[in-house]
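Survey of secondary and tertiary structure
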Amino acid sequence: MGGGASFDVLVIGSGASGLAAAVSAERSGARVGLATKGSIQACNSAKAQGGIQASFGDDDSPEQHAADIFESSHESADMRLVEALTGDARSAIRWLEELGVEFTRENGGYRLARCGGASAKRLLQVGDRTGHAITRALREAFEAGGGTLFANSPLLALEPNENGWRATCGDHALDAATVVLAAGGRCFKVAEDRGELSTNHPNATGEVTRIALGLGAEARDLDELQYHPNGGAWPETMQGYSIPETTRAYGAVLLNADREEFTDSLGPRDVVSQAIFDEVEKGKGVETEDGRPAVHLDTTRIAPEDAEISLPYMLRRYRGAGIDPLEQPILTYPVLHYQNGGLTIDTDAQTTLEGLYACGEIAGGTHGRNRMMGNSLLECVVFGRRAGRAAAEKASA
């Protein structure tokens, strides 16, 4: 066993939620440790492309954003968490800008797009690598502070003690007054077990959730996993790639084998994914060269100027594989993407166990049983900040 250490706040996970929690806790005066399964860069958040929602439009409001979330969740989301999410959204964006994130702008304001299930344009982007930009800024903020990193140190065990918690992370025995779980979901492992494709990083295997459940933490909606409607289906190098949903925000539509539209391309994720499944089941899909099911995503309808500004990474990837999405439709099929449910939390991100917090994909309730795009990164930042601040305050009490 390696060395031990003691902290006010120990964060498990180095995605956007974990980094936001660590930065927030340190800025609240806490001594912070951060343990992560692999390198500090290895996470799902950095792979998130589409954007982050916040109600900056003149025809929008936090209340309207909240109503869209509740409707998209089929009225299953926890409205206390939803209102915290949308109420904090603008300040979360300002905080990210203070950390160095530069969101795409036009005409003196943010370049906003409408995403699936939204009633207004509220999606902010950094090209189509928004998650990469956000996690980089958060990582640099953490590394510039006084927090201690334990890389390649997965959480193996967690138990309460008289001073809070003892965590076994890799070879390290770490004591902390409070713990923030921010280790993401389990979709990579589930997809592997099912023989399916996933957009997720290989570290998304869900063992931290199992540890928390074993301690008696409550959870909700853990059975509800989300498919990203637009997984790359061909070429082979694009399989498992999440085609940004902003392709549809900027005009791309889904077509069947007869080149007919068969669903509202800007519908909620679960509705669009199910429509694709149904169309293929009816025999109206197409096959990839390696025999996988697919439908067409007609990206030729996207204006070139929109694509160059908001979809540059997607264009580079497909063009590098020999396909120009502005010249021909691309093939797509839903791919396992996100764990909608998770550990039950309150508006401070505290679980049902005192002193144990959870934020990001590992937590449930904010999205109910179906998440809108652009709310995952927002959830990471909003509830990461809340978790870090609350954990620090509790540790100092």
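Please refer to the structure placed before this passage.
Thresholds, definitions, all that
Residues numbered from 1 in each chain as written. Predicted model: local features only at pLDDT ≥ 70, side-chain atom pairs only at ≥ 80, totals over all residues. Heavy atoms only, no water. Helix = DSSP H or I, 4+ residues; strand = E, 2+ residues; numbered from the N terminus. Rg over C-alpha atoms; globule rule 2.2 N^0.38 Å. Contact = heavy atoms within 4.5 Å. Areas by Shrake-Rupley, 256 points an atom, 1.4 Å probe, with all protein chains shown as cover. Lys, Arg positive; Asp, Glu negative; His and termini not counted. Charge placed at Lys NZ, Arg CZ, Asp CG, Glu CD. Axes fitted to C-alpha atoms, helices over the stretch in contact; angles between N-to-C directions. Left-handed = near helix turned anticlockwise from the far one by under 90°. Nonpolar A, V, L, I, M, F, W, Y, C, P; charged D, E, K, R; others polar. Phe/Tyr/Trp six-rings, centres within 6.5 Å; stacked < 30°, edge-to-face > 60°. Buried < 20%, exposed > 50% of the residue type's maximum accessible area, 1.4 Å probe, protein only. Lys NZ or Arg CZ within 6 Å of the ring centre and 35° of its normal. Salt bridge = Lys/Arg side-chain N within 4 Å of Asp/Glu carboxyl O. Pairing = 2+ DSSP bridges. Polar contact = N/O pair within 3.5 Å; in protein donor to acceptor, adjacent residues only side chain to side chain. Expected span 1.5 Å × (residues − 1).

What the chain contains, in helices and strands, is 11 helices and 19 strands. Taking 21 Å as the expected radius of gyration for a compact globule of 397 residues, we find that the chain reaches 21 Å, a close match to that expectation. Once the C-alpha set of the chain is aligned to its principal axes, its extents read approximately 65 × 45 × 40 Å. Put simply, of all contacts in the chain between residues at least 6 apart along the chain, 73% involve residues at least 24 apart. For the chain, the computed accessible surface area is about 15000 Å², with 44% contributed by carbon and sulfur atoms. Where the 37 positive side-chain charges of the chain centre and where its 56 negative ones centre are 2 Å apart.

On to the packing of helix α1 (residues 16-27) against helix α11 (residues 375-396). Where α1 meets α11, the closest approach of the two axes is 7 Å, and the angle between their N-to-C directions is 40 degrees. Viewed along their axes, α1 and α11 form a crossing whose handedness is right-handed. Touching Ala-16, Ser-17, Ala-20, Ala-21, Ser-24 and Ala-25 of α1 are Cys-380, Val-381, Gly-384, Arg-385, Gly-388, Arg-389 and Ala-392, all from α11. Grouping the amino acids of the contact of α1 with α11 by side-chain chemistry returns 7 nonpolar, 4 polar and 2 charged.

The full count for this structure, using the stated rule, is 7 aromatic pairs. Centroid distance Phe-277 to Tyr-333: 5.5 Å. Interplanar angle 75 degrees. Geometry classified as edge-to-face. Note that Phe-277 is positioned in helix α8 (residues 269-281) and Tyr-333 in strand β16 (residues 330-339), a separation of 56 residues in sequence. Relative accessible area serves as the criterion here: at 22%, Tyr-333 is assigned to the partly exposed category. The cationic tip of Arg-129 hangs over the ring face of Tyr-313; the distance from NZ or CZ to the ring centre is 4.5 Å. We note Arg-371 situated over the ring of Tyr-338; from NZ or CZ to the ring centre the distance is 4.0 Å.

Moving on to the pattern of salt bridges. Under the counting rule described, the total for this entry stands at 25 salt bridges. Arg-122 is the salt-bridge partner of Asp-60, the closest N and O atoms lying 2.8 Å from each other. With Asp-60 in the loop between β3 (52-53) and α2 (62-72) and Arg-122 in the loop between β5 (109-110) and β6 (123-124), this residue pair connects regions lying 62 residues apart in the sequence. The class for Asp-60 is buried, based on a relative accessible area of 9%. Given a relative accessible area of 0%, Arg-122 falls into the buried group.

Summarising the sheet, strand β8 (residues 155-161) and strand β9 (residues 164-169) pair through 6 bridges and their orientation is antiparallel. Following the sheet pairing, Ala-157 is matched in β9 by Thr-168. If you look at the hairpin formed by β8 and β9, you'll find 2 residues sitting between the two strands. In this structure, β9 lies alongside strand β10 (residues 172-181), joined through 5 bridges in antiparallel fashion. Opposite Cys-169, over in β10, you have His-172 as the bridge partner. From the end of β9 to the start of β10, which pair antiparallel, there are 2 residues, and Gly-170 there has a positive phi angle of about 60 degrees.

This paragraph deals with the side chain of Ser-14. Tracing the backbone shows Ser-14 in the loop between β1 (4-12) and α1. Separated by 2.9 Å, the side chains of Ser-14 and Thr-36 make a polar contact.

Our focus in this paragraph is α11. With 22 residues, α11 should cover 32 Å at 1.5 Å per step; its first-to-last C-alpha distance of 31 Å lies within 8% of that length. Burial within α11 is extensive, with 17 of its 22 residues counted as buried.

With that settled, consider the sheet that holds strand β11 (residues 219-220). Pairing is mixed across the open sheet formed by 3 strands, whose spatial order is β11-β17-β19. The open sheet terminates on both sides in strands that have one partner only, identified here as β11 and β19 (363-364). Where strand β17 (residues 342-344) and β19 come together, 2 bridges link them in parallel fashion. Each residue of the ladder has a partner; that of Thr-344, found in β19, is Gly-364.

End to end, α1 covers 16 Å across 12 residues, agreeing with the expected 16 Å (1.5 Å per residue, within 8%). Judged by how many residues are buried, α1 sits mostly within the fold: 10 of 12 residues are covered. On its buried face, α1 sits against β1, β2 (32-35), α3 (79-98), α4 (130-144), β10 and α11. Among the residues trailing α1, Gly-29 stands out with phi positive, at a value near 95 degrees.

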